[in-house]
Structures are given as C-alpha cells and as structure tokens.
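Spelled out from the first residue to the last, the chains are:
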Amino acid sequence: WEFNGSFHQPSAFLMMGIPGLEALHPWISIPFCALYLTALLGNCVILFIIRRTPSLHEPMYFFLSMLAITDLCLALCTLPTTLGLLWFDVRSIAFDACLAQMYFIHILSFIESSVLLAMAFDRFVAISHPLRHPAILTRSTVLKIGLAIVLKGTISLLPIPFLLKRLSYCGRTELSHSFCFHPDIMNLACADIKVNVFYGMIILLSTVGMDFIFIVLSYILIIRTVLSLTTKEECLKALNTCVSHICAVLVFFIPMIGLSMIHRFGRDVPPLVNTLVAYTYLIIPPALNPIIYSIKSTHIREALLRALCRKSG
C-alpha cells in the first residue's frame with residue numbers, strides 16, 4: 001500500500017476468474033483460447049481480404065475494416081490478463097496498468113458502438129438513396145467519420161482514469177473479472193464516488209446510448225423504405241444486406257447493456273452470472289463478427305474462396 005496522509009492507494013488489484021470453478025481454470029482456458037484464436041485470425045483475415053480485393057473498396061467494407069480493427073484490439077486488451085489467470089493463476093495487476101487496461105477497453109467499446117452506428121447509416125443511405133450513396137459516403141468522408149469516432153471515444157473517456165486515481169481505496173482489492181472495468185474499480189473505493197457514477201452514466205448515455213437510439217431510428221427508416229419497394233424480391237434483397245449488421249448489433253449491445261445494469265443495480269446477482277455476462281460482452285463479439293460477415297456477405301465469402309484457391313494453386 002502507498003500512504004499519503006489519509007489518501008490510500010493500492011499498489012495492485014487482484015483479478016478473479018470464474019467464481020466457484022477455480023479448480024477447472026486449465027480446462028476452461030480451452031474454449032477461451034479457441035475464442036481468442038478465432039477473434040485474432042478471423043479479423044486479420046477480414047482485413048487481409050478487404051485490402052487485397054479492389055471490388056471491396058467501398059464504404060460498407062471500409063466500416064467493416066474499422067470494426068475488425070476494433071475487435072482485434074479489444075481481444076488483445078483482455079487476452080494477457082485472462083489467459084494469464086486461467087493458465088498460470090496470475091491474479092495481480094498493478095494499479096496504473098489496471099487503469100490503462102480499463103481505459104483502452106472502454107475506448108474500444110465506445111468506438112465499436114460508433115462504428116456500428118456508422119454502418120447503420122451506410123445501410124440506410126445505400127437502401128434509401130442508392131444513386132447518391134457513392135457521392136455521400138466518399139473515401140474522404142469515411143476517413144473523417146473514422147477519425148471523429150476515435151476522437152470522440154478517446155476524449156470523452158480521458159477523465160475516467162484521473163477520476164479513479166483521485167479516490168482513496170481501503171480494504172478490498174479484489175476485482176470481479178480477469179480484466180479492469182470502471183464500475184468494478186470504482187466500487188472498491190472507500191471515498192465518495194458520486195462524481196464517478198454521474199460522469200460514467202452521462203458519458204455512457206450520451207455516447208453508447210445515443211448510438212443505439214440512432215441505430216434503431218436508422219432501421220425504422222430502412223424498414224419504411226423497404227416496405228415501399230414494389231416486389232417481394234427487392235424487399236428481401238434489401239433486407240439481406242442488413243442481416244450481418246443486425247447480428248453484430250445484437251451480439252454487442254445485449255451483453256453490454258446487461259453488464260452495465262448488473263454493475264449498477266444488480267448487487268444481488270450471483271457472481272457467476274456477472275462473470276459470464278462480462279466475458280460474453282468482451283470476447284464473444286470479436287470472435288463472432290468475422291464469422292457472421294464471412295457467412296452472410298457473399299462478396300467476402302467469394303473473395304476468401306478466391307484467395308484460398310490462389311494459395312492452393
């Protein structure tokens with residue numbers, strides 16, 4: 001412990017694995033390794049395919065590249081501490097390292113939310129204004145959107161580590177997960193955390209909350225446009241281009257909302273449920289997104305098959 005008058009700050013936190021299943025951690029690490037490997041390889045393949053295929057150099061796939069990069073970084077953020085705990089029972093993480101991991105996890109989550117919104121906007125323009133789509137979403141516009149997304153996440157979350165660092169901690173140092181999460185760290189403080197709670201809630205609602213609302217509005221407008229199409233085939237074709245994105249939105253937002261609610265209001269929720277929701281939120285989307293897009297996107301699938309044929313030839 002480091003003391004400065006009445007100010008107490010732990011030198012490290014202790015991470016937790018799967019509650020009640022600590023003896024099975026080596027076996028539990030097998031599906032975790034499979035998910036991480038899928039996330040890393042899958043997103044790298046998506047990026048490789050899009051880069052090497054000129055026909056995929058359009059807004060939809062540029063945004064998919066942003067999603068793949070975000071998922072790749074998100075998996076790399078939690079991989080060292082999660083597998084370190086499951087394989088070697090390394091539970092300790094330095095205070096500053098914990099704050100850094102927490103900051104990047106939250107930034108990447110906010111970026112993913114905004115990228116999903118940008119993809120929803122792309123689908124809306126492509127379906128509602130197909131002739132104007134190339135003029136509205138040019139390469140420079142897509143680049144500006146990407147930069148704005150990164151800046152929004154980075155700047156809005158910048159005060160969070162400093163708000164946590166100013167708190168006094170005493171007694172408990174056990175985190176609820178094998179990674180650092182803002183509400184989790186905040187609840188270990190023995191000081192007044194009203195500022196942290198208020199700022200965290202405002203930022204969450206004004207970023208991820210607004211992203212989700214605008215995604216829903218985008219799909220309301222898309223459905224209205226689709227229903228105005230003359231034939232059933234046109235309707236199905238238009239909706240089919242949105243299936244992958246809808247799956248990615250559900251896979252990301254459902255566990256994220258669940259985890260936020262548990263940390264803020266679910267004090268009586270069993271620790272195992274809390275842990276499973278947390279891992280679902282941070283590990284499942286990076287692993288599933290490349291699979292979803294590889295299965296549902298004909299262009300990605302065909303480009304992947306061409307690349308495999310060239311390799312085998």
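You'll find the structure just up there.
Given the structure is predicted, the values throughout are model-derived calculations rather than measurements.

How each quantity is defined
- Residues numbered from 1 in each chain as written.
- Predicted model: local features only at pLDDT ≥ 70, side-chain atom pairs only at ≥ 80, totals over all residues.
- Heavy atoms only, no water.
- Axes fitted to C-alpha atoms, helices over the stretch in contact; angles between N-to-C directions.
- Helix = DSSP H or I, 4+ residues; strand = E, 2+ residues; numbered from the N terminus.
- Parallel < 35°, antiparallel > 145°, perpendicular 65-115°, else oblique.
- Left-handed = near helix turned anticlockwise from the far one by under 90°.
- Nonpolar A, V, L, I, M, F, W, Y, C, P; charged D, E, K, R; others polar.
- Phe/Tyr/Trp six-rings, centres within 6.5 Å; stacked < 30°, edge-to-face > 60°.
- Buried < 20%, exposed > 50% of the residue type's maximum accessible area, 1.4 Å probe, protein only.
- 1 Å grid on protein atoms, 1.4 Å probe; cavity = no way out; pocket = protein on both sides within 12 Å on 5 of 7 lines; lining within 4 Å.
- Points joined across faces, edges and corners; volume = space filled by probe spheres on them.
- Disulfide = S-S within 2.5 Å.

Q: Sorry if this is basic, but what is going on with the packing of helix α1 (residues 25–52) against helix α2 (residues 59–88) here?
A: The relative placement of two packed helices comes down to the angle between their axes together with the axis-to-axis distance. Packing of α1 against α2 leaves a shortest axis separation of 9 Å and a crossing angle of 155°. Relative to α2, the element α1 lies roughly antiparallel. Where α1 crosses over α2, the two elements pack in a sense that is left-handed. Of the residues contributing to the contact of α1 with α2, the split by class is 22 nonpolar, six polar and one charged.

Q: I keep staring at the packing of aromatic side chains and nothing clicks. Help me out?
A: Two aromatic rings, taken as a pair, are described by how far apart their centres are and by the angle between their planes. Per the stated rule, a full pass over the model turns up twelve aromatic pairs. Plain terms: the ring middles of Phe32 and Tyr279 are 4.9 Å apart, the flat faces sit at 85° to each other, and that makes the pair edge-to-face. Taken together, the positions of Phe32 in helix α1 and Tyr279 in helix α11 (residues 271–296) put the pair 247 residues apart, joining distant regions of the chain. You'll find Phe32 and Tyr279 in the same group, each marked buried. Residues Phe181 and Tyr281 carry aromatic rings whose centres are separated by 6.5 Å and whose planes lie at 75° to one another, so their mutual orientation is edge-to-face. Pair noted here: Phe181 is in the loop between α6 (159–165) and α7 (182–186) and Tyr281 is in helix α11, with a separation of 100 residues, a long-range link. Among the residues examined, Tyr281 registers a relative accessible area of 2% and is labelled buried. One aromatic cluster is present, built from ring pairs that chain together Phe32, Phe179, Phe181, Phe212, Phe252, Phe253, Tyr279 and Tyr281.

Q: Even after reading the chapter, I still don't get empty space enclosed by the protein, so can you show me in this structure?
A: It is a probe the size of a water molecule, rolled over the atoms, that shows where empty space is left. With the rule as written, the count across this model stands at two cavities of 30 Å³ or more. For the largest cavity, the calculated volume is near 170 Å³. Residue lining of the largest cavity: 15 residues in total, with His106, Phe110, His182, Leu204 and Arg264 positioned closest to the centre. Elements represented by at least two residues in the lining of the largest cavity include exactly α3 (95–128), α7, α8 (194–227) and α10 (243–265). If you add up the space inside the second largest cavity, you get close to 30 Å³.

Q: Would you mind going over the state of the cysteines with me for this structure?
A: When the sulfur atoms of two cysteines share a covalent bond, that bond is a disulfide. Within the structure shown, the criterion is met by two disulfides. A sulfur-sulfur distance of 1.9 Å marks the disulfide that ties Cys98 to Cys180. Because the torsion about its S-S bond is -120°, the bridge between Cys98 and Cys180 counts as left-handed. Taken together, the residues span a long stretch of sequence, with Cys98 in helix α3 and Cys180 in the loop between α6 and α7 at a distance of 82 residues. With a relative accessible area of 0%, Cys98 lands in the buried category.

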